[in-house]
Amino acid sequence: MVVGELLARAQARLRAAGIDEARREAEILLAACLGWERARLTAYPEHALTERQQRRFECWVRRRAQREPIPYITRRAWFYGLELVVGRGVLVPRPETELLVELFLEWAATQKFDSPILIDAGVGSGAIAIACLKHASLWGGVGIDRSGRALRIARINRRRAGLESRLLLIQGEWLSALCSRVAHAVLSNPPYVLPDEWDALPPEVARYEPRLALLVPSEDPLRPYRHLALDARRVLVPSGLLAFETSPRLAPLLAEQLPRWGFKNPQIRRDYSNRERVVYAYLE
Ligand SMILES: C[S@@+](CC[C@H](N)C(=O)[O-])C[C@H]1O[C@@H](n2cnc3c(N)ncnc32)[C@H](O)[C@@H]1O
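Only a predicted model underlies this, so the values are computations on that prediction, with no experimental measurement involved.

### A short note on the overall build of the protein chain
Scanning the protein chain from terminus to terminus reveals 11 helices and 9 strands. Taking 19 Å as the expected radius of gyration for a compact globule of 284 residues, we find that the protein chain reaches 21 Å, a close match to that expectation. In terms of its C-alpha atoms, the protein chain occupies a principal-axis envelope of roughly 65 × 40 × 30 Å. Burial analysis of the protein chain (284 residues in total) assigns 54% to the buried set. By sequence separation, contacts in the protein chain at least 24 residues apart represent 65% of the contacts at least 6 residues apart. Of the roughly 13500 Å² that the protein chain leaves accessible, carbon and sulfur atoms contribute 49%. Across the protein chain, 42 positive and 33 negative side-chain charges occur, with their mean positions spaced 5 Å apart.

Right, here's the structure in full:
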């Protein structure tokens, strides 16, 4: 079968599965399957796929029709201009997390530390640490995650980014493995979905993404932040940066708590949808 025909069939299948942007998604899947730029599909509608390519594409469309996220199917996601490997068991990096990277880079450009170190707590695919280190060439980093699966993927991304000598990846509980006063910045996008928000999540997230990466307990939603902030108090140098991505619901609560946990001048930054997204402060 040829490109044009396959796209039309895939579009119909995805639309029937309730996917809004069925044409766009069919094109993304076919382009990834062929290793092409999307625009090339329009230029070569009569291009015939091999049997193998066609079987693979049909399998991908079937998976997407069951609402599996595209990055898990193609095993690729884009973050801060970098192509990352992703897979089941690791959170797909989100565009709003880029705000945390921007904040760090702005702040880092104004600092004069000797051999500075950033910590990415809950490193997942490595998105935050890798994007920061790619743009802050004097910095080294440590990425920590409890999940062995996430760390396997983070190692792949570290190698692809050429950061093996600058980014240490370790398995552990938040910052517990780190010594005192070793870090100049602690960045984290910890879980922040409340159990009462779970049912409203799209099936792509609720069915496929790791719960460990998403859910916080309703009786104590600030638990991961408190744990991290109290650990960061020990691990950071004076005036070091602590910055979290969070939900608009938790952001004001978190900003209010940070001074009680030893951090000064808490501030909130809004994302491109004008929602309170990043909360940050500095060690006293
Ligand atoms: C929301 S995901 C963020 C992943 C990645 N930093 C990103 O922004 O795409 C949270 C990550 O924290 C990790 N995590 C959850 N609880 C943890 C804990 N107690 N200690 C270390 N990592 C933890 C999860 O495995 C997951 O990879």
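### Considerations on the environment of Phe-113
Along the polypeptide, Phe-113 turns up in the loop between helix H6 (98–108) and strand E3 (117–121). Taking the C-alpha atoms as reference points, Phe-113 and Ala-26, separated by 87 residues in sequence, lie 48 Å from one another. Every residue in contact with Phe-113, bar those within four places of it in the chain, is listed here: Trp-107, Trp-139, His-184 and Val-237.

### Description of the domain arrangement of the protein chain
Assigned domains of the protein chain: these are domain 1 (3–66) and domain 2 (76–283). Between the C-alpha centres of domain 1 and domain 2 there is a distance of 34 Å.

### Quick notes on the pattern of salt bridges
The final tally for this structure, using the stated rule, is 21 salt bridges. In this structure, Arg-38 and Glu-27 form a salt bridge, with 3.1 Å as the shortest nitrogen-oxygen distance. On the criterion of sequence distance, the pair formed by Arg-38 in the loop between helix H2 (22–34) and helix H3 (39–43) and Glu-27 in helix H2 is long-range, its members being 11 residues apart. Between Glu-204 and Arg-64 there is a salt bridge, and its shortest N-O distance comes to 3.0 Å. Here Arg-64 lies in helix H4 (residues 51–65) and Glu-204 lies in helix H9 (residues 203–208), a separation of 140 residues in the sequence. No difference in accessibility class separates Glu-204 from Arg-64, as the two residues are buried. Salt bridges sharing common partners tie together Glu-25, Arg-64, Arg-67 and Glu-204.

Calculation notes
Residues numbered from 1 in each chain as written. Predicted model: local features only at pLDDT ≥ 70, side-chain atom pairs only at ≥ 80, totals over all residues. Heavy atoms only, no water. Helix = DSSP H or I, 4+ residues; strand = E, 2+ residues; numbered from the N terminus. Rg over C-alpha atoms; globule rule 2.2 N^0.38 Å. Buried < 20%, exposed > 50% of the residue type's maximum accessible area, 1.4 Å probe, protein only. Contact = heavy atoms within 4.5 Å. Areas by Shrake-Rupley, 256 points an atom, 1.4 Å probe, with all protein chains shown as cover. Lys, Arg positive; Asp, Glu negative; His and termini not counted. Charge placed at Lys NZ, Arg CZ, Asp CG, Glu CD. Domains from an automatic or database assignment. Salt bridge = Lys/Arg side-chain N within 4 Å of Asp/Glu carboxyl O.

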